[in-house]
Amino acid sequence: GNTKLWGGRFTGSLDPIMTQYNESIYFDRVFYDQDVRGSIAYARANVKTGILTEHEFSEIERGLNAVRKEWADGTFDIKPGVDEDIHTANERRLGEIIGKDIAGKLHTGRSRNDQVATDMRLWLQDQLEKLEGFLVDLLKVMAARAEKEVEAVMPGYTHLQRAQPIRWSHWILMYASFFASDLQRLRELKARVNRSPLGCGALAGNPFNIDRDAMAKELGFDGLIMNSLAGVADRDFVVETLQWGSMLMMHMSRWAEDLIIYSSGEFSFVKLADAYSTGSSLMPQKKNPDSLELLRGKSGRVFGQMAGLMMSVKGIPSTYNKDLQESVEPLLDHVKTVGDSLQIATGVLSTLTILPENMLKSLTPDMLATDLADYLVRKGVPFRETHHISGQVVALAEKQGKPMDQLSFEELQGVDRRFEKNVMEVFDYQKSVEMRSAKGGTSRSAVMEQIEAVKKALSGE
Ligand code: ARG
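Residues numbered from 1 in each chain as written. Predicted model: local features only at pLDDT ≥ 70, side-chain atom pairs only at ≥ 80, totals over all residues.

Q: Before we go on, may I ask you to explain the overall build of the chain in this structure?
A: Counting secondary structure elements, the chain contains 19 helices and six strands. What you see for the chain is a C-alpha radius of gyration of 31 Å, clearly larger than the 23 Å of a compact globule of 461 residues, by over 25%. Oriented by its inertia axes, the alpha-carbon framework of the chain measures out at about 100 × 50 × 40 Å. The burial tally for the chain puts 36% of its 461 residues in the buried class. Restricting the contact set of the chain to residue pairs at least 6 apart, pairs at least 24 apart contribute 74%. (Helix = DSSP H or I, 4+ residues; strand = E, 2+ residues; numbered from the N terminus. Rg over C-alpha atoms; globule rule 2.2 N^0.38 Å. Buried ≥ 20, exposed ≤ 12 C-beta atoms within 10 Å, placed from the backbone. Contact = placed C-beta atoms within 7 Å.)

Quick look at the structure:
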């Protein structure tokens, strides 16, 4: 006979590979606690509807707590081929513990459709809380390093060509600004995850006038998914989480790529701690930035799952269809991958060493060509003209085979008579960064202001 919970109208048994293809217990078991909490709230609300007596409710509550304990202790015995998912497994076990007469009343007016959506949202809320903590940790390390190492000046790049001197802290704060936006987006996302679909039933709503608000409140939701069809059909909260994490991993990947370049022998601006590097099995001298490469690589996997889920969802007719079960595994993997990545990034950043002498050595006087043009701008010469003049100085230095700052004052005057003695003061990297003191620039005060902004973002201001 068919022992499945929905077995009433079925006679034959499932093709064994169909059983395995259909079941989700081996991954949705992670929702065991949420499933128990949801069932207790549902049972309590069904005392008010008159479906359960107080006694029946307390039996169900006792039984569900026992089921939860078995999962927590690792003693829950999954019945292969019978326990299709976490909902059926928990209900089956509840019946064994308190008897089927009472346990059989729990599912009145409820469906696994509103149940799974409730479980996933409850689980995700906790996970987003954790991810928020990891992201805040990363931003804290960024702010602290930016503050502590504000002296270090390095080349800033466009097109990966040396462009203008910047503070190392300014580079850190570029990513802090990206990650602060990710934090803001996460906080907005939480509000949409944190709404209850419980009581939507299979699709059409609950016929016993169940108090959905009371259940939502008991479970810690901020409100309801109002439309019952939407409650069971909606996986936007999963899609949006994957989109959020994809954006974050996109930032993470660029950050990792920068550090991979900066840690190469040719740059040597930073040195990764041994804790986040690995050696080569063949070349004894190698120290590879595997942590950063994995961050970059895992971002691709995260984007793929995001795109894959959107494709799974886009053609599903209303309301619940089994395709939606395909949202669970990518969500579990996503949350783990993003959480691990954030912790690794924080570890890498808090343990790496910077090599400010090498940063300085990589600065070249031609990176001050714009400053030279700006010098004449301050004397009233139009920038388009000064750009040309400074370009001639660059060409002259190149022709003479010496750095720009080694040209004599007379040679500079030969290019343009408006250069005065103090023009040589332009060739100073510290001065160059300090000149850029307008909001958001690379001067010390502008960098300090940005650090304050990051700290404010952490507190949600
Ligand atoms: N395990 C399912 C899921 O993850 C929930 C069960 C709903 N199944 C059903 N046949 N209505 O989506």
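Q: Help me understand the UniProt feature "domain: Argininosuccinate lyase C-terminal" (unreviewed entry) in the chain in this model?
A: In the numbering used here, UniProt assigns the "domain: Argininosuccinate lyase C-terminal" (unreviewed entry) feature to residues 367-434. End C-alpha atoms of residues 367-434 are separated by 15 Å, and the span's content is 59% helix alongside 0% strand. (UniProt positions renumbered as here; feature names shortened; annotations may be inferred.)

Q: Before we go on, may I ask you to explain the environment of E129 in this structure?
A: Structurally, the position occupied by E129 is in helix α7 (residues 112-148). Taking the C-alpha atoms as reference points, E129 and R187, 58 residues apart in sequence, are found 9.3 Å from one another.

Q: Looking at this model, I keep getting lost on the site of the ligand. Mind explaining?
A: All residues in the neighbourhood of the ligand are listed as S24, D28, D85, R112, N113, V116, Y320, L324, Q325 and V328. Class assignment of the residues belonging to the shell around the ligand gives a composition of four nonpolar, three polar and three charged. Residues lining the shell around the ligand come from more than one domain, with at least three contributed by each of domain 1 (7-108) and domain 2 (113-151 + 168-199 + 227-353). (Near = placed C-beta within 6 Å. Nonpolar A, V, L, I, M, F, W, Y, C, P; charged D, E, K, R; others polar. Domains from an automatic or database assignment.)

Q: Teacher, can you tell me more about the pairing of strand β2 (residues 161-167) here?
A: The side chains of a regular strand alternate, residue by residue, between the two faces of the sheet. As paired strands, strand β1 (residues 153-158) and β2 are joined by six bridges and run antiparallel to one another. Its bridge partner lying in β2, V153 is registered against R167. Linkage of β1 to β2, two consecutive antiparallel strands, is achieved through a turn of two residues, within which H159 is found at a positive phi near 55°. (Pairing = 2+ DSSP bridges.)

Q: Just to check I follow, could you spell out helix α12 (residues 290-314) for this structure?
A: In a regular helix each residue adds 1.5 Å, so 25 residues correspond to 36 Å; α12 covers 36 Å between its end C-alpha atoms and thus fits that length. All of the buried residues along α12 are S291, L292, L295, S299, V302, Q305, M306 and L309. Looking at the buried residues of α12, the elements they touch are α11 (236-262) and α13 (328-351). (Expected span 1.5 Å × (residues − 1).)

Q: Is there a simple way to think about the confidence of the model for the chain in this case?
A: The predicted coordinates should not be examined in detail at positions where pLDDT is low. Mean pLDDT for the chain: 96, with 98% of residues reaching 70 or above. If you check the scores for this complex, the pTM reads 0.94 and the ipTM reads 0.95. (pLDDT = per-residue confidence, 0-100.)

Q: Help me understand unusual backbone geometry in this model?
A: Working note: non-glycine residues mostly have negative phi, and peptide bonds are mostly trans. Of note, the amide linkage connecting S318 to T319 takes the cis form, showing an omega dihedral of 0°. Position of T319 relative to the elements: it lies in the loop between α12 and α13.

Q: What's the story with the domain arrangement of the chain in this structure? I'm lost.
A: Often, the extent of an interface is quoted as the loss of accessible area on bringing the components together. Domain annotation of the chain identifies domain 1 (7-108), domain 2 (113-151 + 168-199 + 227-353) and domain 3 (365-458). Distance from the C-alpha centre of domain 2 to the C-alpha centre of domain 3: 39 Å. At the level of elements, α7 and α8 (168-193) are the ones that each hand at least two residues to the side of domain 2 that touches domain 3. The greatest single-element share of the side of domain 2 that touches domain 3, amounting to seven residues, is contributed by α7.

Q: Which parts of the structure should I look at to understand helix α3 (residues 32-48)?
A: Counting along an α-helix, one turn takes 3.6 residues, and residues three or four places apart therefore face a common direction. Taking 1.5 Å per residue, 17 residues should reach 24 Å; α3 reaches 25 Å between its end C-alpha atoms and fits that length. Counting buried positions over the 17 residues of α3 gives 12, a clear majority of the element. Every buried residue of α3 is accounted for by Y32, Q34, D35, V36, G38, S39, I40, A41, Y42, A43, A45 and N46. Where α3 is buried, its residues contact α4 (54-73), α5 (86-98), α7 and α9 (212-219). Immediately beyond the C-terminal end of α3, within one or two residues, lies G50, with a positive phi of roughly 90°.

Q: For this particular structure, what's the right way to read the environment of H388?
A: With respect to the element layout, H388 can be found in helix α16 (residues 383-400). Take H388: there are 12 C-beta atoms within 10 Å of it, and that puts it in the exposed class. Sequence-wise, H388 and L376 are 12 residues apart; in three dimensions their C-alpha atoms are separated by 11 Å.

Q: How should the packing of α8 against helix α19 (residues 444-458) be read in this particular structure?
A: Pairs of packed helices are described in terms of their axes, by the angle between the two and the distance that separates them. Where α8 meets α19, the axes come as close as 10 Å, and the angle between the chain directions of the two elements is 25°. One element, α8, and the other, α19, form an angle in the roughly parallel class. In terms of crossing hand, the pair formed by α8 and α19 is left-handed. For the pair formed by α8 and α19, the contact residues are S169, H170, L173, A176, A180 and L183 on the first element and V447, Q450, I451, V454 and A457 on the second. When the residues that make up the contact of α8 with α19 are grouped by side-chain class, the tally is eight nonpolar, three polar and no charged. (Axes fitted to C-alpha atoms, helices over the stretch in contact; angles between N-to-C directions. Parallel < 35°, antiparallel > 145°, perpendicular 65-115°, else oblique. Left-handed = near helix turned anticlockwise from the far one by under 90°.)

Q: How should I be thinking about the nonpolar core in this particular structure?
A: Soluble, globular proteins show a tendency: their nonpolar side chains are buried together. In this structure, I60, L139, M142, I172, A176, F179 and V454 are the most contacted members of the largest nonpolar core, which totals 93 residues. Here this core takes 14 residues from α7, the largest share from any one element. M367, V393, L412 and F419 belong to the second-largest nonpolar core, a separate cluster that totals 11 residues. (Core = buried A, V, L, I, M, F, W, Y, C linked by C-beta atoms within 7 Å.)

Q: Help me understand the packing of α7 against α8 in this model?
A: Packing of α7 against α8 brings their axes to within 10 Å, and their N-to-C directions diverge by 160°. The angle between the axes of α7 and α8 places the two elements in the roughly antiparallel class. Here the hand of the crossing between α7 and α8 comes out left-handed.

Q: How should the environment of D85 be read in this particular structure?
A: On the secondary structure map, D85 appears in the loop between α4 and α5. It is 24 Å that separates the C-alpha atoms of D85 and F221, two residues lying 136 residues apart in sequence. Apart from the residues within four sequence positions on either side, D85 is in contact with E23, S24, I25, D28 and R112.

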